Amino acid sequence: SVVVTGVAEEPRSYWHRDFENRRREGRGQFITRSEIEQRRATSVGDLLRTLNGLRLLCTRQGCDVRMTRTNCRPAYFADGYPAEATTVERMPVNDVFGVEVYNLFEVPVQLQRPELQCGVIAVWTRRGPPPR
């Protein structure tokens, strides 16, 4: 007889692994949970403010984010799904696991859409997307 042992992967952990794989590829800009804690940011806008290639104009109503080279508004994703800018910007920072930012020519396959005309800002929460 043969005995096989292993550790079952948590159903929601695939997105965490994918996030780390994309981060290791070296394309785009990433903010990890440990960096979020170190920065003590109070909003997602505070996190984005430190990244190259983005320009933020923030008021009490929210932030207008533009890619600096093209002056266009990036597409937003929350836990892998298209989202509105206000949804992402108003997320509690304590719920954010990580952030990915790409210009148009770096966007990974997982975040590409036919209507994409600018870069992408993807925010992942600690709970992540539903299991696939």
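Preceding block: the structure.
Structure report, in brief. (Residues numbered from 1 in each chain as written. Predicted model: local features only at pLDDT ≥ 70, side-chain atom pairs only at ≥ 80, totals over all residues. Heavy atoms only, no water.)

## What to know about helix H1 (residues 14-25)
Note the cut-off: Think of it this way: any DSSP run of H or I at least four residues long counts as a helix, any run of E at least two long counts as a strand, and we number them from the N terminus. Every helix has an expected span of 1.5 Å times one less than the residues it contains. Type-normalised accessible area, obtained with a 1.4 Å probe on protein chains alone, sets the label of each residue: buried when under 20%, exposed when over 50%, and partly exposed for intermediate values. Residues are treated as being in contact if the distance between any of their heavy atoms lies within 4.5 Å.
Here H1 spans 17 Å end to end across 12 residues, near enough to the 16 Å set by a 1.5 Å rise per residue. All buried positions along H1 are accounted for by Tyr14, Trp15, Asp18, Phe19, Glu20 and Arg22. At its buried positions, H1 is contacted by strand S1 (29-31), strand S6 (96-102) and strand S7 (120-125). Just beyond H1, the residue with positive phi is Gly26, at close to 85°.

## Observations concerning the pattern of salt bridges
Any two side chains of opposite charge can pair, given that their charged atoms come close. As a reminder, the rule being used: When a carboxyl oxygen of Asp or Glu is within 4 Å of a side-chain nitrogen of Lys or Arg, the pair counts as a salt bridge.
The final tally for this structure, using the stated rule, is eight salt bridges. A salt bridge links Asp64 to Arg66; the nearest nitrogen and oxygen atoms lie 3.5 Å apart. Judged by relative accessible area, Arg66 falls into the buried class, the value being 18%. Put simply, Arg73 and Asp64 hold a salt bridge, and the shortest N to O gap is 2.9 Å. Judged by its relative accessible area of 53%, Arg73 is exposed. By relative accessible area, which is 23% here, Asp64 ends up partly exposed. Taken together, the salt bridges that share partners define one network made up of Arg33, Glu37 and Arg126.

## Describing the pairing of strand S2 (residues 54-59)
As a reminder, the rule being used: At least two DSSP bridges between two strands are required for those strands to pair.
Bridge analysis of S2 against strand S3 (residues 62-67) gives six bridges, and the strand direction is antiparallel. Residue pairing across strands places Thr59 opposite Gly62, the latter belonging to S3.

## Some thoughts on the packing of aromatic side chains
Our working definition: A pair of aromatic rings is counted whenever rings of Phe, Tyr or Trp (Trp by its six-membered ring) have centres within 6.5 Å, and the orientation is called stacked for planes under 30 degrees apart, edge-to-face for over 60 and tilted otherwise.
All told, the structure shown has five aromatic pairs when counted by the stated rule. Their ring planes at 90° and their centres at 5.1 Å tell us that Trp15 and Phe97 sit as a pair that is edge-to-face. Within this pair, whereas Trp15 is found in helix H1, its partner Phe97 is found in strand S6, the two being separated by 82 residues in sequence. Owing to a relative accessible area of 5%, Trp15 belongs among the buried residues under this scheme. Judged by its relative accessible area of 14%, Phe97 is buried. Relative to Trp124, the ring of Trp15 has its centre 5.9 Å away and its plane inclined at 5°; by these criteria the two rings are stacked. Within this pair, whereas Trp15 is found in helix H1, its partner Trp124 is found in strand S7, the two being separated by 109 residues in sequence. On the basis of relative accessibility, which here comes to 6%, the residue Trp124 falls in the buried class. Each residue in the set Trp15, Phe19, Phe30, Phe97, Tyr102 and Trp124 is aromatic and connected to the rest through ring pairs, giving one cluster.

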